[in-house]
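Summary of structural features
Spelled out from the first residue to the last, the chains are:
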Amino acid sequence: VTPMRRLPRTSGLPNSLSCVSGSMSALSTEWKRISRDSPSSRIAQDADGPGFPASISFVTAVLASNAKAEVRVPTWASEKTLLAAPGIEIITTAPRESYDFLSGSSLAAAHVSGVVALLLEHRPQLTQSELWILLTETARPVSIPVGTKTVLIVVVDVCAALAKLLGQSDCF
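Rules and cut-offs
Residue positions within a chain follow its written sequence, with the count starting from 1. At least 70 in pLDDT is required for a residue's local features to be given in this predicted model, at least 80 for side-chain atom pairs to be given and counted, and no such filter applies to totals for whole chains, interfaces and linings, which use all residues. Each side-chain value is worked out from all heavy atoms of the structure, with water and hydrogens disregarded. Here a helix means four or more residues in a row that DSSP labels H or I, a strand means two or more in a row labelled E, and each is numbered from the N terminus. Throughout this description, buried means an accessible area under 20% of the type-specific maximum (1.4 Å probe, protein chains only), exposed means over 50%, and partly exposed covers the range between. Every residue pair with non-hydrogen atoms within 4.5 Å of one another is taken to be in contact. Calculation of accessible area relied on Shrake-Rupley with a 1.4 Å probe; when residues are assessed, cover is drawn exclusively from the protein chains displayed. In protein, a polar contact means a hydrogen-donor-capable atom and an acceptor-capable atom, both N or O and within 3.5 Å, with residues adjacent in sequence counting only if both atoms are side-chain atoms; elsewhere, any N or O pair within 3.5 Å suffices.

**What to know about the overall build of the chain**
A count of helical and extended segments in the chain gives 4 helices and 7 strands. Taken from the N to the C terminus, the helices and strands of the chain come in the order β-α-β-β-β-β-α-α-β-β-α. In the chain, which comprises 172 residues, the proportion classed as buried is 36%. Long-range pairs, those at least 24 residues apart, make up 58% of the contacts in the chain between residues at least 6 apart in sequence. Of the roughly 10,100 Å² that the chain leaves accessible, carbon and sulfur atoms contribute 57%.

Set out below in structure tokens:
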């Protein structure tokens, strides 16, 4: 048995996001268009909005949250509902048959992808918009004041989403 080692904790929460949804060919086409039309303005996340691919309408952006459902609000956040999932201090495999704790929105996006796969296993006919509604209606809301507005971030709750999909009071 290889002992687990722990990475040093980083201060604060990551202010990045990753995405789930959309076909690779559609993302590739959009990437080429953005690169050609505006080589640097929308590729990286900035104050005006999320970067590629989160800025594409058919992509679901995911923010990373910690175990307490705390999320750093991006500077571009609006009154639009933002989706978050566990993505801070997540145990994962590492080189040399070991484990490590990593953080980031890519881990949160993987969590949401897994939740979506589970839901689609039970109801393969669900559309992207039906999945969004199911995920956001069953998620735990976190309202965060940012300047003069309040941003609603919802943290995905796989148990509640599965229970609602199956018409059960809980998922156990």
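Continuing now.
**Points about the side chain of threonine 138**
The residue threonine 138 is located in helix α3 (residues 128-138) in this model. Here leucine 134 takes part through its backbone oxygen, which lies 2.6 Å from a polar atom of the side chain of threonine 138. Excluding anything up to four places from it in sequence, threonine 138 contacts Asp157, Ala160, Ala161 and Lys164.

**As for unusual backbone geometry**
Across the chain, the bulk of peptide bonds are trans and the bulk of non-glycine residues have phi less than zero. Backbone geometry places alanine 69, a non-glycine residue, at a positive phi of 65°. According to the relative accessible area criterion, alanine 69 is buried, its value standing at 14%. Residues other than glycine seldom take positive phi values, yet glutamate 89 does so here, at roughly 55°. Tracing the backbone through its elements, the reader meets glutamate 89 in the loop between β3 (82-86) and β4 (90-94). Classification of glutamate 89 by relative accessible area gives buried; the value is 19%.

**Here's the deal with the environment of alanine 160**
Mapped onto the secondary structure, alanine 160 falls in helix α4 (residues 158-166). Assessed through its relative accessible area of 26%, alanine 160 is described here as partly exposed. Taking C-alpha positions, alanine 160 is 8.7 Å from leucine 135, a pair spaced 25 residues apart along the chain.

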